[in-house]
Amino acid sequence: MLVRLGYVALSLELKNSSPNKTITWTNLQKIDPKFYVSRLTILSKENLRNQLRLLRYNLGEEIMLYRFTSKLIPLATHDAVAGWDFAGDLAEDFEQIGEFVKKNRMRVGFHPDHFVNLNSPKDDIVEKSIQDLTYHLQQSQAMGLDETMKFNIHMGGAYKDKKDSIKRLIDNWTRVPADIQRRITFENDDKTFTAAETLEACQALGTPMVLDIHHHRCNHEHHDLSSILEDIFATWKDSGLPPKIHVSSPKGTESAAAMRSHADFVDVHDLLPFLQLAKRHTDALDVMVEAKNKDQALKKLMKDLMNENQVQPRSEASFEL
DNA sequence: ACCTGTCAAGTCTGG
DNA sequence: CCAGACTTGACAGGT
C-alpha cells in the first residue's frame, strides 16, 4: 500500500507564510465603507501569494497532499461585501495556484468549518451553509481545479434526534447545487455522528467518506472498524482518488475534552495498527496529519514511521507498507 | 516585545 | 429564553 502524508493550512518551517491573514468585522467597520473591498483585496492578495509560496515549499519537501485554509479571503461571505467578485479581482493569483497544483499533480482540498450545517432544521442556516460552500466553489473554479478537489464537511448537529437529522441531511441534499455535490465528502465527528452513521449517509448520497480515526476513537458504537472499512474505502471508487483519512493524537487523558483535542504531534502507534488493517482493503491511502505542529508533526511522524521495519520510504512524505 | 481579551458565522448545555 | 462553553489562530489594544 502506498501511503502519502499531508498537513493542514500552515507551515511552522516556512517563516512569515500565513495564508490566513484576516481582519474582523468589528475592525473593518472603523474605516470608510467605500474602502472595505480594497482593504480586503490587499489582505487576500497577501494570503494568495503566501499560499503559492507554501505550495512551492511543499513540493520541495515532496508533500503532495495539503488542505487549504477556508480563510484565504477574509469576510468574503459577509453581507457587508455581498456581491464582491473576489474571484474575478484576484483571478491571476488563483490561476497561478491552480496551475501549480495541476502541474505537480498535488491533491488539495477544503474543509469548510463547523458553521456549515446542511442538516439544520433552520432554513436560513441551510441557506447560509450553501452560500459558504459556494464561496469555496468560486475559489476552486478560480483555481481551475475540477471536482477532484473535495470539500470535506461534517454531517452537522444532532438536534436531539440523530436519525431524524440524517434524514433531513438527505432531504436537504437536493438543495445543494450539483457542482458542489460532486465535491462534497463527509467526515465522522468526535461528538455526534459516528463512522457507521456517516458511512450510511455517504452511501445514500453517493459521496466519498473521509474517515477520521481519532474521531472514531472518541465517538463510536463498535470500536472495531474492520467490518465497515471496506465499505468506507468503496465510497471512493468512482472518484479517481485514493481514500483519505485524518489522523491525530489526543492532547491528554485527564478528561473527555482533552481526549478529543489534538496533540502537538502524532504518536506513530495511533496510526500503525490502522495502516495494517487498511492495507488489506486498498493499495493507496492518503493521510492528513491534524496536529498543532502542522508540517513539523508530519515530518516527525514520517521519521518515526521509518524506524518501523515494515515501512519503506518512497519520498520525503510517502512510503510503502 | 509581550500579554490578554476578542473575533462573522452554529450547536449544545445548563441556569 | 439566554449566557457561556466549545475551540482555533490571529488580530488589536494595552502595558
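Keep in mind the model is a prediction, meaning the values are calculated, not measured. (Residues numbered from 1 in each chain as written. Chains lettered and ligands numbered in written order. Predicted model: local features only at pLDDT ≥ 70, side-chain atom pairs only at ≥ 80, totals over all residues. Heavy atoms only, no water.)

Colleague: Any chance you could break down the protein's contact with DNA strand B for me, citing the residues and the numbers?
Modeller: Every one of the 16 residues lining DNA strand B counts as a neighbour, but T24, W25, T26, A158 and Y159 are closest to it. In DNA strand B, the atoms that sit within 4 Å of the protein are 65% sugar and phosphate, with bases accounting for the remainder. In this structure, a sugar or linking oxygen belonging to DNA strand B sits 2.9 Å away from a side-chain N or O atom of N117. Between DNA strand B and A158 there is a distance of 2.6 Å, counted from a phosphate oxygen to a backbone nitrogen or oxygen. Among the secondary structure elements, those contributing two or more residues to the surface near DNA strand B are α1 (25-28) and α5 (123-143). Counting residues per element, the surface near DNA strand B draws most heavily on α5, which supplies three residues. Here the surface near DNA strand B is built from residues that sort into six nonpolar, seven polar and three charged. (Near = heavy atom within 4 Å. Polar contact = N/O pair within 3.5 Å; in protein donor to acceptor, adjacent residues only side chain to side chain. Helix = DSSP H or I, 4+ residues; strand = E, 2+ residues; numbered from the N terminus. Nonpolar A, V, L, I, M, F, W, Y, C, P; charged D, E, K, R; others polar.)

Colleague: Provide a residue-level description of the side chain of N172, including the pertinent values.
Modeller: Among the structural elements, N172 can be located in helix α6 (residues 162-172). Apart from the residues within four sequence positions on either side, N172 is in contact with L118, N119, S120 and V126. (Contact = heavy atoms within 4.5 Å.)

Colleague: Lay out the pattern of salt bridges in plain terms, naming residues and giving numbers.
Modeller: For the structure shown, the criterion picks out 15 salt bridges. Across the pair K299 and E61 runs a salt bridge, and its minimum N-O distance is 3.1 Å. Taken together, the positions of K299 in helix α13 (residues 294-306) and E61 in the loop between α2 (36-60) and β2 (65-67) put the pair 238 residues apart, joining distant regions of the chain. Accessibility expressed as a relative area gives 27% for K299, which makes it partly exposed. A relative accessible area of 25% places E61 in the partly exposed class. The salt bridge partner of D164 is R168, with a shortest N-O separation of 3.9 Å. Of this pair, D164 and R168 both sit in helix α6, four residues apart, roughly one helical turn. Take D164: its relative accessible area is 41%, and that puts it in the partly exposed class. (Salt bridge = Lys/Arg side-chain N within 4 Å of Asp/Glu carboxyl O. Buried < 20%, exposed > 50% of the residue type's maximum accessible area, 1.4 Å probe, protein only.)

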